[in-house]
Amino acid sequence: MAVRLRKLSYALGAEVCDVNVAGPMGERQFGEIYQAFLAHGILLFRNQDVTREQHIEFSRRFGELDRHEALPRDRHPDYPELLMVTNDPKPDGSPSDTKYTGRQWHSDMSFTTAPSLGSLLKSYAVPEVGGDTLFANMTLAYDALSEGMKKLIAGLHGIHLSGTRKLANDNSGVVRAEEQKRINPPVAQPVVRVHPETGRKALYIGEKVKRFDGMTEEESQPLIDYLVRHATRPEFLYRHQWRKNDILAWDNRCVMHQALGDFDETQLRHMER
Ligand code: OGA
Ligand code: MN
């Protein structure tokens, strides 16, 4: 039986209806799901009350799993394939290392030499309102550039740096940021990337890009700002409002995203990727 899809927005995303990711799923059905992943950039599976093992096994069907050596602090202690995104304080009461994960435009692991093909994020606890995630279709964004701009950026490489923007007023995150920079030296990535499976060109930019290779930060920043602003025009976006037990799968090769932080921080928000 063909999988039933429902589009999530004009720009990108589709909900896969009536599928249990932990249920029996033949190669043929997974093939259809993977084709939908390539076509829509994001897939939503609602009501997935599945175990960590089942989350991991379904993710493995998309490709080899990262064991997150680049982010050792953020992974689950017992499941290195799982990356935590939680504001749940540590056992000693100190703030979670991952409470500000994703609070800037990015594509996962772009600051490493092995950026993620895709990510499957599962929600365990969501605040009463908000805690949304915003996604941008980088293929549409690239296509909408002028021929002149396409020529200008064709040979450019962005220098991607790990770490997030400073959000807390205290020192939380400083140790983590230092550690991350030590483990992950800056990495150059092409500003225009060709999707290895669809062959389509996409912008590969974001707020982890500090400058272009061979250029100063001052020279680079105006163009970085322009490209991020362009790529995040409302018509290229999908905004996800989480419900508990959603699994959202996105294609990092043609989509970038940002956690909005539009929620009451005293409420629990717990996700695992
Ligand atoms: C991620 C991420 C965004 C969010 O898990 O890769 O950026 O809204 N999360 O939690
Ligand atoms: Mn992310």
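Residues numbered from 1 in each chain as written. Chains lettered and ligands numbered in written order. Predicted model: local features only at pLDDT ≥ 70, side-chain atom pairs only at ≥ 80, totals over all residues. Heavy atoms only, no water.

This paragraph deals with the sheet that holds strand E8 (residues 187–190). The three strands lie next to each other as E8-E7-E11, forming an open sheet whose pairing is antiparallel. Since the sheet does not close on itself, it has two edges, and those belong to E8 and strand E11 (209–212), each with one partner. Across the sheet, the mean angle separating the axes of adjacent strands is 35° when strand polarity is ignored. Relative to E8, strand E7 (residues 157–160) runs antiparallel, the two sharing four bridges. Of the residues in E8, the one forming a bridge with Ile159 is Ala188. (Pairing = 2+ DSSP bridges. Helix = DSSP H or I, 4+ residues; strand = E, 2+ residues; numbered from the N terminus. Axes fitted to C-alpha atoms, helices over the stretch in contact; angles between N-to-C directions.)

Quick look at the site of ligand 1 now. Looking at ligand 1, the residues that line it are Val85, Gly102, His106, Asp108, Leu121, Thr133, Trp250, His257, Ala259, Arg269 and Arg273. Residue Asp108 places a side-chain N or O atom 3.0 Å away from an oxygen atom belonging to ligand 1. Thr133 places a polar side-chain atom, nitrogen or oxygen, 2.6 Å from an oxygen atom of ligand 1. Here ligand 1, which alone exposes 300 Å², has 100% of that area covered by the protein. Broken down by class, the residue content of the shell around ligand 1 amounts to four nonpolar, four polar and three charged. (Near = heavy atom within 4 Å. Polar contact = N/O pair within 3.5 Å; in protein donor to acceptor, adjacent residues only side chain to side chain. Areas by Shrake-Rupley, 256 points an atom, 1.4 Å probe, with all protein chains shown as cover. Nonpolar A, V, L, I, M, F, W, Y, C, P; charged D, E, K, R; others polar.)

What follows is about the packing of aromatic side chains. Evaluation of the coordinates by the stated rule reveals 10 aromatic pairs. Judged by centre distance (5.9 Å) and plane angle (55°), the ring pair of Tyr34 and Phe62 falls under tilted. Here Tyr34, found in helix H1 (residues 27–40), pairs with Phe62, found in the loop between helix H2 (52–60) and strand E4 (84–86); they are 28 residues apart in sequence, far enough to count as distant. What makes Phe62 buried here is its relative accessible area of 10%. Centroid distance Phe58 to Phe62: 5.5 Å. Interplanar angle 85°. Geometry classified as edge-to-face. Under the relative-accessibility criterion, Phe58 is labelled buried at 2%. Above the face of the Tyr124 ring, Arg52 is positioned so that its terminal group lies 5.7 Å from the ring centre. (Phe/Tyr/Trp six-rings, centres within 6.5 Å; stacked < 30°, edge-to-face > 60°. Buried < 20%, exposed > 50% of the residue type's maximum accessible area, 1.4 Å probe, protein only. Lys NZ or Arg CZ within 6 Å of the ring centre and 35° of its normal.)

Turning our eyes to something else, we now look at the nonpolar core. Counting 40 residues, the largest nonpolar core has Ile153, Leu203, Ile205 and Leu227 as the members making the most contacts within it. No other element matches helix H6 (residues 217–231), which puts five residues into this core. Ile205 has contacts with Met138, Val191, Phe212, Leu227, Val228 and Met256, leaving out every residue within four places of it along the chain. In this structure, Val19, Phe37, Val50 and Leu120 belong to the second largest nonpolar core, which totals 20 residues. (Core = buried A, V, L, I, M, F, W, Y, C linked by side-chain atoms within 4.5 Å. Contact = heavy atoms within 4.5 Å.)

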